[in-house]
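Observations on chain architecture
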Amino acid sequence: MHLVRSVLWGVTLATGIAGCRHRGTEAPAPADRDAAVIVEVENHYYGDVVIYLARGGQRQRLGMVTALSTAEFKFPWRQLSLTGTSRLVAYPIAGARSYSSDPLYVQPGQSISWTLESDLGRSSLSVF
């Protein structure tokens, strides 16, 4: 009886160790650089606003969100700079100064929610 328990314990231990080693050698899946980043903009500003993705000195127009409404935009994740220089820019058509978000740190598969307030300086950005 003692011999049977010892053998079963040894087999169980060997199986567990083999399973742990196998899981540890798998490489993580590479990031999908073409994954879409969804940007939802909720505009509480009293005028229409054009939304840009800014990387360094370049701007890419994502679209326009009309006054007091919501719009959704998409762009491929590969268009983001991994150095933290990418930002969203809101440019009011009515002529007020533009407003830039904090730097974007987004992983593939994540989305952005940007709420523009009537005073653009109080706007908030969330990544989820």
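Residues numbered from 1 in each chain as written. Predicted model: local features only at pLDDT ≥ 70, side-chain atom pairs only at ≥ 80, totals over all residues. Heavy atoms only, no water.

1. Let's talk about the overall build of the chain
Secondary structure assignment for the chain yields one helix and eight strands. Mapped from its N terminus to its C terminus, the chain presents α and β elements in the order α-β-β-β-β-β-β-β-β. Split by element, the accessible area of the chain, about 8300 Å² in all, is 54% carbon and sulfur. (Helix = DSSP H or I, 4+ residues; strand = E, 2+ residues; numbered from the N terminus. Areas by Shrake-Rupley, 256 points an atom, 1.4 Å probe, with all protein chains shown as cover.)

2. Quick look at the nonpolar core
In terms of nonpolar packing, the biggest core is built from 23 residues, with V41, I51, L80, L88, W114 and L116 touching the most fellow members. Those elements that place two or more of their residues in this core are β1 (36-43), β2 (49-55), β3 (58-65), β4 (70-76), β5 (86-92) and β7 (111-116). Among all residues touching I51, those that are not within four sequence positions of it are V41, Q60, R61, L62, G63, V65, F73, V89, A90, W114 and L116. (Core = buried A, V, L, I, M, F, W, Y, C linked by side-chain atoms within 4.5 Å. Buried < 20%, exposed > 50% of the residue type's maximum accessible area, 1.4 Å probe, protein only. Contact = heavy atoms within 4.5 Å.)

3. Brief notes about the pattern of salt bridges
Within this structure, the stated rule accounts for one salt bridge. Residues D34 and R78 are paired through a salt bridge, measuring 2.3 Å at the closest nitrogen-oxygen approach. With D34 in the loop between α1 (2-24) and β1 and R78 in the loop between β4 and β5, this residue pair connects regions lying 44 residues apart in the sequence. (Salt bridge = Lys/Arg side-chain N within 4 Å of Asp/Glu carboxyl O.)

4. Some words on the environment of V39
Relative to the assigned elements, V39 resides in strand β1. Considering only alpha carbons, one finds V39 and A71, 32 residues apart in sequence, at a separation of 8.3 Å. The contacts of V39, once residues within four sequence positions are left out, are A71, E72, F73, F75, L88 and I112.

5. Let's talk about the sheet that holds strand β8 (residues 124-127)
Read across the sheet, four strands follow the order β4-β1-β7-β8 without closing on themselves; strand pairing throughout is mixed. Only two strands of the sheet have a single neighbouring strand rather than two, namely β4 and β8. Taking the axes of each pair of neighbouring strands and ignoring which way they run, one obtains an average angle of 15° across the sheet. By the bridge criterion, four bridges tie β7 to β8 in an arrangement that is antiparallel. (Pairing = 2+ DSSP bridges. Axes fitted to C-alpha atoms, helices over the stretch in contact; angles between N-to-C directions.)

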